[in-house]
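Residues per chain, in single letters:
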Amino acid sequence: MPVISASQIKPEYDVIVVGSGAAGGQSAYTLTMEGVKVLMLEAGRSYEPVTETPMFKVGSSAPLRGASTTDKPFGFYDSTVDGGWTVPGEPYVRASAGRENQFKWWRPRMMGGRTNHWGRLSFRNGPYDFKPRSRDGLGFDWPIDYDDLAPYYDRVEQLIGVYGNNDGMENTPDSPPGVLLPPPAPRVGERLVQQRAQKIGVPIVAAHRAVLTQRQDAENIPAKLHPNNPKAQRILRESMQSRAACFWATPCGRGCSIKATYQSTTVHLPPALATGNLDIVPNAMAREVTTDSNGKATGVIFIDKTTGDEVQARGRAVVLAAGAAETVRIMLNSRSVVFPDGIANSTGLVGKYLMDTVGAKLGGQIPLLENLPPLNEDGAGGAHVYAPWWLYQQQLAGKLNFARGYHIEFNTARGQPKLDVGAGLEPLNGGGTWGRKFKDDVRRYHGSFISFSGRGEMIPNEGTFCELDPVVKDKWGIPVLRFHWQWSDHELNQVVHMQQTFKQLIEACGGKVWGEQPAAHGRDAIHPGGDIIHEVGGAIMGSTRRKSVVDAWSRTWDVPNLYLTDGAPFVSNADKNPTLSLMALAWRASDHLIGELSRGNI
């Protein structure tokens, strides 16, 4: 992938984009396709999935047979390089007491950011999700409605390629006809859960994931996404033609050399670079947004990690898309005479109302899935089906002891055997076996286990926020973040409900809970904040500058040429995974920025 060094940047750009993941990639794509000159700053190294993805590799060819380690928590072949829960030389501080109130900060340090490692689950927020306070009196309402974002959901789904069905579920919007790709058929275990879940009223439908189950319509989609722009249409057509449909060869978390899955590095950045309007500087650690005496953004100061030099990049506008917490950090470190408490922070709300997805899990063993004959269950590297939240009416009627919902993801099937395959079978085979009997037991029980995970909505609260630590700095002398985290009873009660539902599902399939039993209290079941890697908020969107950081266009109230297009402006964090909404908001904000540039307002 062509990139430039810090010494090669031009004197000035139209827009500087900080971050190259879903938000930065989408922003750069939208801007450059319309002729805007963009400089992108990425804190990590370059990364090329076409040549760096370990396709067709098996665990036996990896160190420790591919098992998780501190450096590679998702296994040796996971695509994440130079990032993770800990980043050398880049500490952060956790200020809250209590195990359940700790925040873990996952930071990717590579081109494409988190789009290289994610579940690729791509759900639209529904109408309720934009007006949660109006519905239950908690949290905040967004200043926009579903109808404002729906056209951008349509565009993003067609651009990146999303499989799924339109099932007509409450607050789970359908896509227009022809937008979604056909979903893969459910696996055996998924079919069993789908059948038995009906007994307890849990709907199981096709998941929506950013994986190509067939080639994209490269002849017609470009004209829909870029009408009256022949150059953009040609570039996108060529980009789509370079992508192949998935043939179930490699887990998606490794990346994808055939470009079947969405990654910013294979979908957003190549066409943006092909316009000739994008320069990318990797290893560029953004420190602060600079401003003039009127408080207008003038550019970004970054550290060239290859030399340690401080570099000034100048632009007519700045887009922060570094990830919600990293964007907050840059804003709080952007202090000046005009903004002594950080840029665009006149209300003191920058860093407030962080949120993550609520998570809990439970496993089971299903005798009906024992001794299945050999069959191909590879599939699309992740879930083929899932359960959207189904209890909106019961919740509205006050029959549940928590607000907001969750969806259910689950994993079945005979995956590629790992290092621990066959371990822990003693409760099933009378205390342990060896020799031929052990081999028979492994064949019998492999694939008979199932794991359920809940992904729910957290309500923003005053006790969950981040700020600059007054003492600790990173290896470049930049002050680091200090996190405060607090779950409310809504989240703690929600995870208890999750585990009870998982237990019912396991028993409906004729199985038993395997391992840890459902917790009596939510604090013993809930994942720590940040563990689901869905943190959003910290610079929320609103209809008035007194109660928010950005307006309905993701533009900061205080600095009209500073936009935030990552998860920082999120007002709520619905149970739907945030990446699709994040990209739709980034496209919408970039359209607004293009308009402001063309009108000479910036």
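Because the structure is a prediction, the values reported are computed rather than measured.

A few words now on the overall build of the protein chain. Within the protein chain, the secondary structure is distributed over 14 helices and 18 strands. On C-alpha atoms alone, the protein chain measures out to a radius of gyration of 24 Å, which is about the 25 Å that the 2.2 N^0.38 rule sets for 602 residues. Projecting the C-alpha coordinates of the protein chain onto the three principal axes gives extents of approximately 75 × 50 × 45 Å. In the protein chain, buried positions account for 61% of the 602 residues. Across the protein chain, the centroid of the 63 positively charged side chains sits 3 Å from that of the 61 negatively charged ones.

The next point concerns the pairing of strand E14 (residues 465–473). As judged from the 5 bridges shared by E14 and strand E15 (residues 479–484), these two strands associate in the antiparallel manner. In the strand pairing of E15, glutamate 467 is matched with arginine 482. Hairpin connection between E14 and E15: a loop of 5 residues separates the two successive antiparallel strands, and glycine 477 in this loop has a positive phi of roughly 85 degrees.

According to UniProt, the positions carrying the feature "domain: Glucose-methanol-choline oxidoreductase N-terminal" (unreviewed entry) are residues 252–334. Taken end to end, residues 252–334 is 25% helix and 39% strand, and its first and last C-alpha atoms sit 37 Å apart.

Looking now at the environment of alanine 520. You can see alanine 520 is positioned in the loop between strand E16 (512–513) and strand E17 (536–538). Given a relative accessible area of 81%, alanine 520 falls into the exposed group. Taking C-alpha positions, alanine 520 is 54 Å from arginine 237, a pair spaced 283 residues apart along the chain.

Here we come to the UniProt feature "domain: Glucose-methanol-choline oxidoreductase C-terminal" (unreviewed entry) in the protein chain. Per the UniProt record, "domain: Glucose-methanol-choline oxidoreductase C-terminal" (unreviewed entry) is found at residues 469–586. Span residues 469–586 is 24% helix and 16% strand, its end C-alpha atoms 29 Å apart.

Attention shifts here to the packing of aromatic side chains. One pass over the structure, following the stated rule, counts 25 aromatic pairs. Ring centres 5.6 Å apart and planes at 75 degrees place the aromatic pair tryptophan 485 and tryptophan 487 in the edge-to-face group. With respect to class, tryptophan 485 is no different from tryptophan 487; both count as buried. Among the aromatic residues, ring-to-ring pairing joins Tyr92, Phe103, Trp105, Phe483, Trp485 and Trp487 into one connected group. The ring of tryptophan 85 has lysine 104 lying over it, and the distance from NZ or CZ to the ring centre is 4.2 Å.

A separate point is the pairing of strand E1 (residues 13–18). Strand residues, when the strand is regular, have side chains that alternate between the two faces of the sheet. Within E1, 6 of the 6 residues are buried, leaving the element largely enclosed by the surrounding structure. Both E1 and strand E8 (residues 309–320) contribute to a ladder of 5 bridges, which runs parallel. Within E8, the position partnered with tyrosine 13 by the bridge is glycine 315. Where E1 meets strand E2 (residues 38–41), 4 bridges bridge the pair, whose relative direction is parallel. Within the sheet, the bridge partner assigned to valine 18 lies in E2 and is leucine 41. Assessed by its sense of winding, the connection that carries the chain from E1 through helix H1 (residues 22–33) to E2 is right-handed.

Thresholds, definitions, all that
Residue indices begin from 1 for each chain and proceed along its sequence in written order. Where local features are concerned, this predicted model is filtered to residues with pLDDT of at least 70; where side-chain atom pairs are given and counted, the filter is 80 or more; whole-chain, interface and lining totals use all residues. The basis for every side-chain value is the complete set of non-hydrogen atoms in the structure, without hydrogens or water. Strands are runs of DSSP state E lasting at least 2 residues, helices are runs of H or I lasting at least 4, and numbering of each runs from the N terminus. This radius of gyration counts C-alpha atoms alone. The globule rule is 2.2 Å times how many residues there are, raised to the power 0.38. Whether a residue is buried, partly exposed or exposed follows from its accessible area with a 1.4 Å probe, protein chains only, as a fraction of its type maximum: under 20%, in between, or over 50%, in that order. A residue counts as positive if it is Lys or Arg and as negative if it is Asp or Glu; His and the chain ends are not included. Lysine's charge is taken at NZ, arginine's at CZ, aspartate's at CG and glutamate's at CD. Paired strands, in this sense, are two strands between which DSSP finds at least two bridges. UniProt positions are given in the numbering used here, feature names are shortened, and annotations may be inferred rather than shown by experiment. When two rings of Phe, Tyr or Trp (its six-membered ring) have centres within 6.5 Å they constitute a pair, described as stacked for plane angles under 30 degrees, edge-to-face for angles over 60, and tilted for the intermediate range. Both a distance and an angle decide whether a charge sits over a ring: NZ of Lys or CZ of Arg must be within 6 Å of the ring centre and within 35 degrees of the ring normal. Call a crossover right-handed when, viewed with both strands pointing away from you, the route from the first strand across the helix to the second goes clockwise.

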